[in-house]
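If you want the building blocks of each chain, they are given just below.
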Amino acid sequence: MPNIRIADTPQRKQYTATASQTVFAITFPFLANTDIVVYQNSTKLVQGSGAGQYGLSGAGTASGGTMTLV
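Residues numbered from 1 in each chain as written. Predicted model: local features only at pLDDT ≥ 70, side-chain atom pairs only at ≥ 80, totals over all residues. Heavy atoms only, no water.

**Description of the sheet that holds strand 5 (residues 65-69)**
With antiparallel pairing, three strands are arranged side by side in an open sheet as 1-5-4. Because the sheet does not close on itself, it has two edges, and the strands there are strand 1 (23-26) and strand 4 (54-57). With direction set aside, neighbouring strand axes in the sheet form an average angle of 20°. As defined by bridge partners, strand 1 adjoins strand 5 across four bridges and the pair is classed as antiparallel. By the bridge assignment for strand 5, Ile 26 is matched with Gly 65. (Pairing = 2+ DSSP bridges. Helix = DSSP H or I, 4+ residues; strand = E, 2+ residues; numbered from the N terminus. Axes fitted to C-alpha atoms, helices over the stretch in contact; angles between N-to-C directions.)

Right, here's the structure in full:
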């Protein structure tokens, strides 16, 4: 696995989605899906398959990844 530089300050991204937008870029590296917390307005969403409300990809990569609403 390559070396990944992780900032020592919390990273936060806030998006305003278009009517049909479901995919959002995570523009900073994260080591595990559990490092990402997603809120829709003030409601914390659930990650995962089944009853999950969003999915993640890109954990462990230096370039970040994506969050997809389901």
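**Re the packing of aromatic side chains**
As enumerated under the stated definition, the model contains one aromatic pair in all. Ring geometry for Tyr 15 versus Phe 24: centroids 5.4 Å apart, planes at 50°, classification tilted. Tyr 15 gets classed as partly exposed once you look at its relative accessible area, which sits at 40%. (Phe/Tyr/Trp six-rings, centres within 6.5 Å; stacked < 30°, edge-to-face > 60°. Buried < 20%, exposed > 50% of the residue type's maximum accessible area, 1.4 Å probe, protein only.)

**Concerning the layout of surface pockets**
Reported here for the largest pocket is a volume of approximately 910 Å³. For the largest pocket, the lining is made up of 27 residues, of which Lys 13, Tyr 15, Val 37, Val 38 and Tyr 39 are closest to its centre. At the level of elements, strand 1, strand 2 (39-40) and strand 5 are the ones that each hand at least two residues to the lining of the largest pocket. By residue number, the principal contributor to the lining of the largest pocket is strand 1, which donates three residues. Residue composition of the lining of the largest pocket, by class: 18 nonpolar, six polar and three charged. (1 Å grid on protein atoms, 1.4 Å probe; cavity = no way out; pocket = protein on both sides within 12 Å on 5 of 7 lines; lining within 4 Å. Points joined across faces, edges and corners; volume = space filled by probe spheres on them. Nonpolar A, V, L, I, M, F, W, Y, C, P; charged D, E, K, R; others polar.)

**Details of the environment of Leu 69**
With respect to the helices, strands and loops of the structure, Leu 69 is situated in strand 5. We classify Leu 69 as partly exposed; its relative accessible area is 24%. Spatially, the C-alpha atoms of Leu 69 and Val 23 are 6.5 Å apart, while their sequence positions differ by 46 residues. Not counting chain neighbours up to four residues away, the residues in contact with Leu 69 comprise Thr 22, Phe 24, Leu 45, Gln 53 and Tyr 54. (Contact = heavy atoms within 4.5 Å.)

Bear in mind that shape data such as this cannot, by itself, settle questions of function.
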